[in-house]
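If you want the building blocks of each chain, they are given just below.
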There are 2 protein chains.
Amino acid sequence: MVEHIAIVGCGAAGATAALQARKFNRTVEITIFNSEPYSQYSRCGLPYTISGKVGKFEDLVLMPPDNWAALKIDAHLGVTVTDIDHKSKKIIYTGESEGEVLSYDALIFATGAVNAAPPIKGLDKRRIYGLRTLDDAKALSAEVGKAKTVVVIGGGLVGMEAAEAFHERGLDVTVVEFLPHILLAMVDSDMAAIVEEHCEKHGLKILTNTAAQEVKGDDSPDSVVVQNRDTQDVIEIAADFVVVATGVRPVTDLASKIGVEIGPTKGIKTDERMMTNLNQVYACGDCSENLEFTTRKPMAGGLGTLAVRQARVAGINAAGGSVTFPGIVSAKVTKLFGLEIASTGFTEDMAKRFEVPIVKGSVKGGTKPPYYIGGKELKLKTFYSKDNGKLVGGQLVGEEDAAMRLNVLTLGIQQNINANDLFDFENCYAPAICDTWDPLVTSADAARKRLKM
Amino acid sequence: MVEHIAIVGCGAAGATAALQARKFNRTVEITIFNSEPYSQYSRCGLPYTISGKVGKFEDLVLMPPDNWAALKIDAHLGVTVTDIDHKSKKIIYTGESEGEVLSYDALIFATGAVNAAPPIKGLDKRRIYGLRTLDDAKALSAEVGKAKTVVVIGGGLVGMEAAEAFHERGLDVTVVEFLPHILLAMVDSDMAAIVEEHCEKHGLKILTNTAAQEVKGDDSPDSVVVQNRDTQDVIEIAADFVVVATGVRPVTDLASKIGVEIGPTKGIKTDERMMTNLNQVYACGDCSENLEFTTRKPMAGGLGTLAVRQARVAGINAAGGSVTFPGIVSAKVTKLFGLEIASTGFTEDMAKRFEVPIVKGSVKGGTKPPYYIGGKELKLKTFYSKDNGKLVGGQLVGEEDAAMRLNVLTLGIQQNINANDLFDFENCYAPAICDTWDPLVTSADAARKRLKM
């Protein structure tokens, strides 16, 4: 019987693992460590503290520190785990006093990820930030009061959500994206182009296919030097401060050191029980790697939804239970200037990487029947395996009901439906809500004809 | 080989059957009859012509009459089929000239439904209407300009949507519902009570558990006499005009006459090919009866979504194809004063009638994470078979994203998922969209614990 679970990290993954372990097992000792001085807070909510759509920083804290004691979970906040001796099953940590030691039977890595350091000159100045921690968000909110211009390096989800927030607060915002389009980890180029046009129409400046080369200035930024990768033209963009959002890398050093296997995505390799190659050592959330749902090939998660689902599995199993994680579909959504962007399963690019030939159903539809005033345009694509017609992905962009429609596709992927099944889907219908044949169904129809189903 | 398809009725079902038959078979002769002078229009859109959310009556016409000729479909509008001689396979119709005759090989009944006549005195006056036809909607829109008060008898979907429209146009509206709650064909009492409170807060008067006894007045209404079924109290409600929306009955007289079997729901009995007991005689839409998805017991459709899906199957099969209709889940939605009301599969009452013992997962959740400003409350229930844990129904009420969430449940029912499958659903998540554990997942969690899954 497990007597003591140690959890390294108290983000969404770590905190959920602790809670679920306690729910499952009332007597096991549980200790959780967090190098940040905070208890679990919503990382995805950080950009909205800047725009004001989250009222106070404290609102993001989902687990008030006092609650841990009530759950008989020993929480060490602002404490860094410096070493682990897995032979003797001991954790060495510092922060309260030096070199404290704790014994464990079961260990959960929920160490998350940190911002990757991009090869850009001059990043060692003041007023250059990431947007990954509550302290980052506090610093950025303070900047909004005094700065006029900001350059956001990286047009992924975090970069774009931050850019929207700064724009809403009245700053002059430029997003610099190295790749030909923003959000390419999430959607295909055609969808990304729609999003870019929409954001630009709302006043955001976006430079795609552009490399940030250097942040100029003395102790703080004056400008960012960027180069267009096609034309080789170099320009300087004024910036009172800079946000770097060029992606993250999983934190795996401690795990690696004790012999935990790191997978091809650079995350900690886990099985369907969220266990690593070492018995009773688990990993979950952004530091981990699991399996893509359809192909069962290695895939990183990097999403809050996955973190809490994997953490539940890790926490229960560590506490003596036996549950499994079904694999990663990777449903991603965001909303930028009122436009919903949604993607699940494979993008076209991912399908190539995972070597799954696909057939597409592309549709330009409406969220409501054409005769009803006020419906919005909806652009969507659904993807099916060429081999067996199974649904493997989909993307939607529209000013309403794009994200919620995505949920149908995600459940469909999880239930192994094919194009015929989606065509037979009995979507809800009412003039004020949706048309008789939902665009999802129409896209399935287009694909099943191409698939000759 | 079929040479001539005759279709009786040109609503959503008839028109779709004709179009799909033509798509499938370019040479077969197709004749379609409609007793109304119009071609296919959206019946569900009618209330919105009154409120102005549909701009013009013509916008509702989905199939302009001229298009039939282009598709080589012989459309007879404003023409009544008076008799059918199925032995010699001849249709007798009138309207253009007397007693015309047409031969057919395949016959499709898409005769729809008509308003049931409730046992209320004084319904033979002017200014008493149904809301089922384009002419009804035109007459009601004309009333809005001159009337001040209206009583809507019947608080089902049509009655409530009409009531909302009149209220939006400034009329004093009272809904009289015989049953203890409105919308009981769609949702359970607890959900209906939420809707009633919401509509009343917006100024609508609703009398539930109340029998309309008589419409008083000379040649047009002065008032409606109603009696509370509990207290027996009788009151009179002033009404310049009256709408009767107490339900419909399928039109089956011609079908019945030629020996087509009528089912226990009083609709034309059909199999999974939408064929009746007579070879090459089909039925679809509101006049028909098919099978409930889970139990495979007889069920009436009465929804536009089902009409077009059944009609596609009937049309293709009549034209020589072989496709099937998967059965009726019955996903129903509407929006009243900004509140979305959504129901799929069984209600609690239906589950009893279909003899399926159920276990519930009830949740009061939010459409967005609690820290994000502007999310709305969402009340929802999901139902599972007590015997095997399979999802068999669900209901949601909320001011946003209730209907689109319903789609997940409907697909889930169609894919035979159980409470564990829904708990494993990887819903999309972003602060501006939805929380990490969607209320749908939370409700599945509540139920699977009760089911001991």
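Residues numbered from 1 in each chain as written. Chains lettered and ligands numbered in written order. Predicted model: local features only at pLDDT ≥ 70, side-chain atom pairs only at ≥ 80, totals over all residues. Heavy atoms only, no water.

Chemist: What should I look at first to understand the relation of the copies chain B and chain A in this one?
Modeler: Each of the two chain copies goes to the other by way of a rotation about an axis and a shift along it. Superposition record for chain B on chain A: RMSD 0.0 Å, screw rotation 180°, translation along axis 0.0 Å. Such a combination of rotation and displacement between the chain copies is what one expects of a two-fold axis. Looking at the interface residues of chain B, 100% of them are also at the interface in chain A, so both copies use one shared face. (Least-squares fit on C-alpha atoms with pLDDT ≥ 70 in both. Contact = heavy atoms within 4.5 Å.)

Chemist: Is there a simple way to think about the domain arrangement of chain A in this case?
Modeler: Size of an interface, as often reported, equals the accessible area lost when the parts are brought together. Residues and elements named next belong to chain A. Under the domain assignment used here, chain A contains domain 1 (4-39 + 61-114 + 248-318), domain 2 (128-244) and domain 3 (333-451). Distance from the C-alpha centre of domain 1 to the C-alpha centre of domain 2: 32 Å. Contacts between the two partners involve seven residues from domain 1, matched on the other side by five residues from domain 2. Ionic pairing is found between arginine 132 and aspartate 286, a salt bridge with its closest N-O pair at 2.9 Å. Summed over the shared surface of domain 1 and domain 2, the result is four residue pairs in polar contact (both at pLDDT 80 or more). When its residues are assigned to classes, the side of domain 1 that touches domain 2 shows five nonpolar, no polar and two charged. (Domains from an automatic or database assignment. Salt bridge = Lys/Arg side-chain N within 4 Å of Asp/Glu carboxyl O. Polar contact = N/O pair within 3.5 Å; in protein donor to acceptor, adjacent residues only side chain to side chain. Nonpolar A, V, L, I, M, F, W, Y, C, P; charged D, E, K, R; others polar.)

Chemist: Please explain the sheet that holds strand β4 (residues 80-85) of chain A as it appears in this structure.
Modeler: Strand pairs in the sheet, formed through backbone hydrogen bonds, run parallel or antiparallel to each other. Residues and elements named next belong to chain A. The sheet built from three strands is open, its strands ordered β4-β5-β6 with antiparallel pairing. Both edges of this open sheet fall to β4 and β6 (100-103), since each of them pairs with a single strand only. Between one strand axis and the next, the sheet turns through 25° on average, direction left out of account. Here β4 runs beside strand β5 (residues 90-94); their pairing, made up of five bridges, is antiparallel. In the sheet register, valine 81 faces β5, and the bridge partner there is tyrosine 93. (Pairing = 2+ DSSP bridges. Helix = DSSP H or I, 4+ residues; strand = E, 2+ residues; numbered from the N terminus. Axes fitted to C-alpha atoms, helices over the stretch in contact; angles between N-to-C directions.)

Chemist: I would appreciate a short explanation of the side chain of Thr31(B) in the present structure.
Modeler: Relative to the helices and strands, Thr31(B) resides in strand β2 (residues 29-34). Beyond its immediate sequence surroundings of up to four residues, Thr31(B) is in contact with His4(B), Ile5(B), Ala6(B), Ile7(B), Asp74(B), His76(B) and Leu102(B).

Chemist: It is not clear to me how the interface of chain B and chain A should be interpreted in this structure. Could you clarify?
Modeler: Listed per partner, the contact involves 62 residues of chain B and 62 residues of chain A. Across the interface of chain B and chain A, roughly 5,400 Å² is buried in total on both sides, 64% from carbon and sulfur atoms. Its largest share of buried area at the contact with chain A, chain B owes to Tyr371(B), Met404(B) and Glu426(B), together 15% of the area lost on that side. Inspection of the region where chain B meets chain A yields zero salt bridges. Seen at the junction of chain B and chain A, the total is 24 residue pairs in polar contact (both at pLDDT 80 or more). At the level of secondary structure, the elements contributing two or more residues to the side of chain B that touches chain A comprise α8 (304-318), β22 (332-336), α10 (403-414), α11 (419-423) and α12 (439-450) of chain B. Here the side of chain B that touches chain A is composed, by residue class, of 32 nonpolar, 16 polar and 14 charged. (Buried area = accessible area lost by both parts, 1.4 Å probe.)

Chemist: For this particular structure, what's the right way to read a negative patch on the surface?
Modeler: Together, Glu3(A), Glu29(A), Asp74(A) and Glu96(A) give the surface a local cluster of negative charge. Of note, Glu96(A) is situated in the loop between β5 and β6. (Patch = residues over 30% accessible without salt bridge, like charges linked within 9 Å, V, L, I, M, F, W, Y side chains within 5 Å. Areas by Shrake-Rupley, 256 points an atom, 1.4 Å probe, with all protein chains shown as cover. Lys, Arg positive; Asp, Glu negative; His and termini not counted. Charge placed at Lys NZ, Arg CZ, Asp CG, Glu CD.)

Chemist: What's the story with the sheet that holds strand β15 (residues 234-238) of chain A in this structure? I'm lost.
Modeler: All names here are of chain A. The three strands are arranged β13-β14-β15 in an open sheet whose pairing can be described as antiparallel. In this open sheet, the two strands that pair with only one neighbour each are β13 (210-216) and β15. Across the sheet, the mean angle separating the axes of adjacent strands is 30° when strand polarity is ignored. Bridging between β13 and strand β14 (residues 223-228) involves six bridges; their strand directions are antiparallel. Within the sheet, the bridge partner assigned to threonine 210 lies in β14 and is asparagine 228.

Chemist: Looking at this model, I keep getting lost on the packing of aromatic side chains. Mind explaining?
Modeler: What describes a pair of aromatic rings is the distance from one ring centre to the other and the angle between the planes of the rings. Applying the stated rule across the entire model yields 14 aromatic pairs over all chains. Ring centres 5.4 Å apart and planes at 75° place the aromatic pair Tyr372(A) and Tyr48(B) in the edge-to-face group. One end of the pair, Tyr372(A), is in the loop between β24 (358-366) and β25 (377-385); the other, Tyr48(B), is in helix α2 (residues 46-51), on a second chain. Since its relative accessible area comes to 10%, Tyr372(A) is described here as buried. On the basis of relative accessible area, Tyr48(B) is assigned to the buried category, the value being 2%. When the centroid spacing of 5.8 Å and the interplanar angle of 5° are considered together, the rings of Phe423(B) and Trp437(B) count as stacked. In this pair, Phe423(B) is assigned in helix α11 and Trp437(B) in the loop between α11 and α12, connecting sequence segments 14 residues apart. Residue classification places Phe423(B) among the buried residues on the basis of a relative accessible area of 7%. (Phe/Tyr/Trp six-rings, centres within 6.5 Å; stacked < 30°, edge-to-face > 60°. Buried < 20%, exposed > 50% of the residue type's maximum accessible area, 1.4 Å probe, protein only.)

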